[in-house]
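A structural walkthrough
Residues per chain, in single letters:
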Amino acid sequence: MRWVELLTGEEVPALGLGTWKMGVGEPDEAGQIDALRTGLDLGLKLIDTAEMYGDGRSEALVGQAIAGRRDEVFLVSKVLPSNASAKGVIAACERSLGQLRTDRLDLYLLHWRGHTPLAETVEAFETLKRDGKIRHWGVSNFDPSDMEELAAVPHGKACVANQVLYNLGDRGIEWDLMPQSQEAKIAIMAYCPLGEGNLVNHPGLAEIGRRHGVSGATVALAWLLQKPGVIAIPKSRSAARVRENAAALDLGLGAEDLAALDHLFPPPRGPSSLAMV
Ligand code: NAP
């Protein structure tokens, strides 16, 4: 297993399971539950979901997948900015706990920044923490200046993670957000680690994968896993593809591979605005 140490000293799995677009009424929901359970069996014990996904139906699917296994899982959900007021956060968290059939979240994120003052949302997160409903809180889609503002509000420095778009094809955060986060010991949760699937058939990745006997998807995830403080949350509805993704835990990329990847997917040469989907 690979781990990322949070600000609090707790270690969390560096490779987890995304759930966007899961549980939304497709006929293979049993297969999707099997995919999530397969991930847990393979050590991918962090599950990322959100109240937004399928209007709570993704959370409900996760609730079924973790039934009887709750204590194994580091469970992450997100509150919408439209629910980020003092009362809204508490109510949204209660709804998420209900969908997930659990009594607490391990990490609760503000999905993206809205109009509610950050201080109000943070205070609500801290109330949830005191009440045992969440163990940690964080944010998502926050750029470096958002993170500076957050650090300046009361308890703002208790933020443990920022979930952002990060993959080989979108390396902009390496310029500023990533060093800033590493300095503050705030974990980066890399969403769309496979570029929403667009990276999996990249011929250059497939070529590197062939040298190691793995797929291009496995290479893309292994690249993220060698970045300090980064947690990757690939999503797959298929147990076979979850196995392929879990193989990234055993793949060590050498200097030659990393140089080839930098050549194929160059790092940023200057600041850019934060990419998001
Ligand atoms: P992703 O994980 O980069 O890619 C998912 C796509 O890749 C799906 O189409 C999946 O298809 C396919 N796939 C997965 N493993 C594969 C493999 N080994 N071989 C071939 N295809 C594979 O994209 P994502 O789902 O958008 O992002 C991951 C998670 O990040 C989300 O599920 C969500 O939890 C989170 N997220 C957060 C935000 C935010 O604003 N905070 C935004 C976007 C995403 P199958 O399912 O059919 O395998």
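Reading the values: the criteria
Every chain begins its residue count from 1, and numbering advances along the sequence as written. Under the rules for a predicted model, residues below a pLDDT of 70 receive no local features and side-chain atom pairs below 80 are neither given nor counted, while totals for whole chains, interfaces and linings still include all residues. The side-chain figures draw on all heavy atoms in the structure; neither hydrogens nor water molecules are used. The term salt bridge refers to a side-chain nitrogen of Lys or Arg lying within 4 Å of a carboxyl oxygen of Asp or Glu. Strands here are runs of E lasting at least two residues and helices are runs of H or I lasting at least four, both read from the DSSP assignment and numbered beginning at the N terminus. Each residue's exposure class comes from its accessible area (1.4 Å probe, protein chains only) as a fraction of the maximum for that residue type: buried when under 20%, exposed when over 50%, partly exposed otherwise. Cavities and pockets are defined on a 1 Å grid built over the protein atoms alone: a cavity is a set of grid points where a 1.4 Å probe fits but cannot escape, while a pocket is an open set with protein on both sides within 12 Å along at least five of seven lines, and lining residues are those with an atom within 4 Å of any such point. Grid points are joined across faces, edges and corners, and a volume is the space filled by probe spheres set on the points. Throughout this entry, Asp, Glu, Lys and Arg are counted as charged residues, while Ala, Val, Leu, Ile, Met, Phe, Trp, Tyr, Cys and Pro are counted as nonpolar. The remaining residues, Gly among them, count as polar. In this description, strands pair whenever DSSP reports at least two bridges between them. The axes used here are C-alpha line fits, helices contributing only the stretch in contact, and every angle between their N-to-C directions lies in the interval 0 to 180 degrees. The criterion used for residue contact is that any of the two residues' heavy atoms lie within 4.5 Å. Nearness of a residue to a molecule or strand requires only that one of the residue's heavy atoms be within 4 Å of it. To qualify as sitting in a cavity or pocket, a molecule needs more than half of its atoms within 2 Å of the grid points. Each Phe, Tyr or Trp ring, with Trp reduced to its six-membered ring, pairs with another whose centre is within 6.5 Å; inter-plane angles below 30 degrees give stacked pairs, above 60 give edge-to-face pairs, and intermediate values give tilted ones. Two conditions define a charge located above a ring, namely a distance within 6 Å from the ring centre to NZ of Lys or CZ of Arg, and an angle within 35 degrees of the ring normal.

1. Re the pattern of salt bridges
With the rule as written, the count across this model stands at 21 salt bridges. With its nearest N and O atoms 3.1 Å apart, the salt bridge here joins Arg104 to Asp71. Taken together, the residues span a long stretch of sequence, with Arg104 in the loop between helix H3 (86-100) and strand E5 (105-110) and Asp71 in the loop between helix H2 (57-65) and strand E4 (74-79) at a distance of 33 residues. Since its relative accessible area comes to 69%, Asp71 is described here as exposed. For Asp103, the salt bridge identified is with Arg104, shortest N-O distance 3.1 Å.

2. Some points on the layout of surface pockets
Where empty space is left can be seen by rolling a probe of water-molecule size over the atoms. Quantified by volume, the largest pocket comes out at close to 700 Å³. Along its surface, the largest pocket is lined by 30 residues, and Trp20, Cys192, Glu196, Gly197 and Lys235 are the ones closest to its centre. Among the elements that make up the lining of the largest pocket, the one with the highest residue count is helix H9 (residues 239-246) (3 residues). Among the residues making up the lining of the largest pocket, the classes are represented as 13 nonpolar, 9 polar and 8 charged. In this structure, the second largest pocket occupies an estimated 180 Å³ of space. In this structure, the second largest pocket is lined by Leu7, Met147, Glu148, Leu150, Ala151, Gly156, Lys157, Cys159, Gln180, Ser181, Ala184 and Ile186. Elements with a minimum of two residues in the lining of the second largest pocket: helix H5 (144-152) and helix H6 (177-184).

3. Re the sheet that holds strand E8 (residues 187-191)
Judged by pairing direction, the sheet is parallel, and its 7 strands sit side by side in the order E3-E4-E5-E6-E7-E8-E9 without closing on themselves. Edge positions in the open sheet fall to strand E3 (46-48) and strand E9 (230-232), since each of these has one partner strand only. Looking at each pair of strands side by side, their axes are set apart by 30° on average, direction ignored. Bridge count between E3 and E4: 3 bridges; the pairing is parallel. Looking across to E4, one finds that Ile47 is bridged to Leu75. Contacts between H3 and the sheet are confined to E4, E5 and strand E6 (134-140), with E5 contributing the most and set at about 135° to the helix.

4. Here's the deal with the site of the ligand
Taken together, 28 residues lie around the ligand, and Asp48, Leu194, Ser236, Arg237 and Arg241 are the ones closest in. If you map the ligand onto the pockets, it falls in the largest pocket. With 3 residues, H9 is the largest single contributor of residues to the shell around the ligand. Tallied by class, the residues present in the shell around the ligand amount to 11 nonpolar, 10 polar and 7 charged.

5. Observations regarding the packing of aromatic side chains
For the structure on display, the rule yields 4 aromatic pairs. A ring pair is formed by Trp20 and Tyr53, whose centres lie 6.2 Å apart and whose planes are at 35°; its orientation type is tilted. In this pair, Trp20 is assigned in the loop between strand E2 (11-13) and helix H1 (29-41) and Tyr53 in the loop between E3 and H2, connecting sequence segments 33 residues apart. Between Phe125 and Trp137 the ring centres are 5.4 Å apart and the planes differ by 20°, which places this aromatic pair in the stacked class. Of this pair, Phe125 sits in helix H4 (residues 118-130) while Trp137 sits in strand E6; the two residues are 12 residues apart in sequence, bridging distant segments of the chain. Judged by relative accessible area, Phe125 falls into the buried class, the value being 1%. On the accessibility criterion, Trp137 (0% relative accessible area) is buried. One aromatic cluster is present, built from ring pairs that chain together Tyr108, Phe125 and Trp137. The cationic tip of Lys21 hangs over the ring face of Trp20; the distance from NZ or CZ to the ring centre is 4.3 Å.

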